[in-house]
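Given next are the chains, with one letter for each unit.
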Amino acid sequence: MKLIDGKKIANQIKEEIAVEVEQIKEQGGKIPHLAALIVGHDGASETYVGHKEKACIQVGFNSTVIRYEDDVAEDTLLRKVYDLNNDPEIDGFIVQLPMPKHISEQKIIEAIDPKKDVDGFHPVNLGRMVIGLPSYVSATPAGIIELIKRYNIETSGKDVVVIGRSNIVGKPISILLGQKANPGNATVTLTHSRTKNLKEIVSRADIVIAALGAAEFLTADMIKDGATVIDVGITRVKSDKTKSGWKLLGDVKFDEVAEKTEYITPVPGGVGPMTIVSLLQNTLKASKGEIYPRL
Ligand code: GUN
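Residues numbered from 1 in each chain as written. Predicted model: local features only at pLDDT ≥ 70, side-chain atom pairs only at ≥ 80, totals over all residues. Heavy atoms only, no water.

### A short note on the overall build of the chain
Point 1. Looking only at helices and strands, one finds ten helices and eleven strands in the chain.
Point 2. Taken over the C-alpha atoms alone, the chain extends approximately 55 × 40 × 35 Å along its principal axes.
Point 3. Going through the 295 residues of the chain one by one, you find that 49% of them count as buried.
Point 4. In the chain, of all internal contacts separated by at least 6 residues, the share reaching a separation of at least 24 is 70%. (Helix = DSSP H or I, 4+ residues; strand = E, 2+ residues; numbered from the N terminus. Buried < 20%, exposed > 50% of the residue type's maximum accessible area, 1.4 Å probe, protein only. Contact = heavy atoms within 4.5 Å.)

### Points about the sheet that holds strand S3 (residues 62-68)
Point 1. Spatially, the three strands line up as an open sheet ordered S3-S2-S4, and their pairing is parallel. The open sheet has two edge strands with one neighbour each: S3 and strand S4 (92-95). This sheet shows a mean twist of 15 degrees between the axes of neighbouring strands, independent of strand direction.
Point 2. Relative to S4, strand S2 (residues 33-39) runs parallel, the two being bridged by four bridges. Residue leucine 37 lies in a different strand from S4, and its bridge partner there is valine 95.
Point 3. Relative to the sheet, helix H2 (residues 43-59) contacts S2, S3 and S4, its axis offset from that of S3 by approximately 160 degrees. (Pairing = 2+ DSSP bridges. Axes fitted to C-alpha atoms, helices over the stretch in contact; angles between N-to-C directions.)

### Section: the site of the ligand
Point 1. As a structural note, the neighbourhood of the ligand is formed by Tyr48, Lys52, Val95, Gln96, Leu97, Asp119 and Phe121.
Point 2. Note that a nitrogen atom of the ligand is positioned 2.9 Å from one of the backbone N or O atoms of leucine 97.
Point 3. Aspartate 119 has a polar side-chain atom sitting 2.6 Å from a nitrogen atom of the ligand.
Point 4. With the chains in place, 78% of the 280 Å² that the ligand exposes on its own is no longer accessible.
Point 5. Considered class by class, the residues forming the shell around the ligand number four nonpolar, one polar and two charged. (Near = heavy atom within 4 Å. Polar contact = N/O pair within 3.5 Å; in protein donor to acceptor, adjacent residues only side chain to side chain. Areas by Shrake-Rupley, 256 points an atom, 1.4 Å probe, with all protein chains shown as cover. Nonpolar A, V, L, I, M, F, W, Y, C, P; charged D, E, K, R; others polar.)

### Some words on the side chain of histidine 33
Point 1. With respect to the secondary-structure elements, histidine 33 resides in strand S2.
Point 2. The exposure class of histidine 33 is buried, given its relative accessible area of 9%.
Point 3. With near-sequence residues (within four places) excluded, histidine 33 lies in contact with Asn62, Ser63, Thr64, Glu89, Ile90, Asp91, Gly92 and Thr283.

### Topic: the pattern of salt bridges
Point 1. In the structure shown here, the tally under the stated rule is eleven salt bridges.
Point 2. Salt-bridge contacts for glutamate 46 lead to arginine 67; the nearest nitrogen and oxygen are separated by 3.1 Å. You can see glutamate 46 sitting in helix H2 and its partner arginine 67 sitting in strand S3, a full 21 residues away along the chain.
Point 3. Given the relative accessible area of 24%, glutamate 46 is considered partly exposed.
Point 4. Classification of arginine 67 by relative accessible area gives partly exposed; the value is 47%.
Point 5. Across the salt bridge formed by glutamate 200 and arginine 204, the nearest N and O atoms sit 3.4 Å from each other.
Point 6. Several salt bridges converge on common partners, so that one network encompasses Glu16, Glu146 and Arg150. (Salt bridge = Lys/Arg side-chain N within 4 Å of Asp/Glu carboxyl O.)

### Focus: unusual backbone geometry
Point 1. The omega angle of the peptide bond from asparagine 182 to proline 183 is 0 degrees, so this bond is cis rather than trans.
Point 2. Along the chain, proline 183 falls in the loop between helix H7 (170-178) and strand S6 (187-191).
Point 3. The peptide bond linking valine 267 to proline 268 adopts the cis configuration, its omega dihedral lying at 0 degrees.
Point 4. The residue proline 268 is located in the loop between strand S11 (261-264) and helix H10 (272-288) in this model.
Point 5. Here the phi dihedral of asparagine 152 falls at roughly 50 degrees; this positive angle occurs in a residue that is not glycine.

### Some words on the environment of lysine 149
Point 1. Relative to the helices and strands, lysine 149 is located in helix H6 (residues 139-150).
Point 2. Among the residues examined, lysine 149 registers a relative accessible area of 45% and is labelled partly exposed.
Point 3. Placed 34 residues apart in sequence, lysine 149 and proline 183 show a C-alpha to C-alpha distance of 6.6 Å.

### A few points about the sheet that holds strand S5 (residues 159-163)
Point 1. Strands sit in the order S1-S11-S8-S7-S5-S6 across an open sheet of six strands; the sheet is parallel. Where the open sheet ends on each side, the last strands, each with one partner, are strand S1 (2-3) and S6.
Point 2. In this structure, S5 lies alongside S6, joined through five bridges in parallel fashion. Within S6, the residue paired with isoleucine 163 across the bridge is threonine 191.
Point 3. Packing against the sheet, H7 makes contact with S5, S6 and strand S7 (207-210), and its axis sits at approximately 165 degrees to S6.

Take a look at the structure:
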């Protein structure tokens, strides 16, 4: 069993980005600038945005956080999105989800200029990704692809089974790994809550991507010897063994599954640290006009 060390790779990539930002500064170029719009005081959202801000500072990006109270009107947010779309100082921005119930997340996402949609949530970016055009790929699937690349994990001709069909993980990673690309060229099966014979399907997989959001769902009896397992789950559960009183569990029963695998990602320290790095990579691409060339 070889551990895929997402934390180590994420730190390496942050160093690479920091070097590039330093060069941009020396040449008098524009420093990449990421903005985040956050509504209310949801604990997880505060944590994510805090991590994103810290990561921006670490690599030398400029970072702006725009905050609104829970009762903000949808129109106010839409107007802010238009302002950010038209602000030449901001290279990319994200709207932290979830939003309060009276706000249409879809409407807000669709108001974002795809050229600045570094979360890759806009239908234009998703559509471009599906047909293999340059696009912003959302953080988690982009982070998984980066790990596969950096560990030289062969995907061509392999059987990949993805568990979970969310718009931000399961669906996009299924498409990416089926693309004529490297990583890619895999035979992908996307499974979900209505899949029959899940165990039988998963047990044929060379690579399993568990992204269903159910703690310790994937057990050793479900996978074949020598499979690679990528765990996208993060469920916080109470624990009397940690100082904080909480621990994080993945979608994989790590100890028993790890023994059968070739490669496996741990939770925490696997896919998680890669997601913020993907956002930084997308912001750097935005500032360089790599996805949508500037006129
Ligand atoms: N909420 C949970 N994850 C994410 C993310 O990657 N982007 C945004 N905007 N909101 C989130």
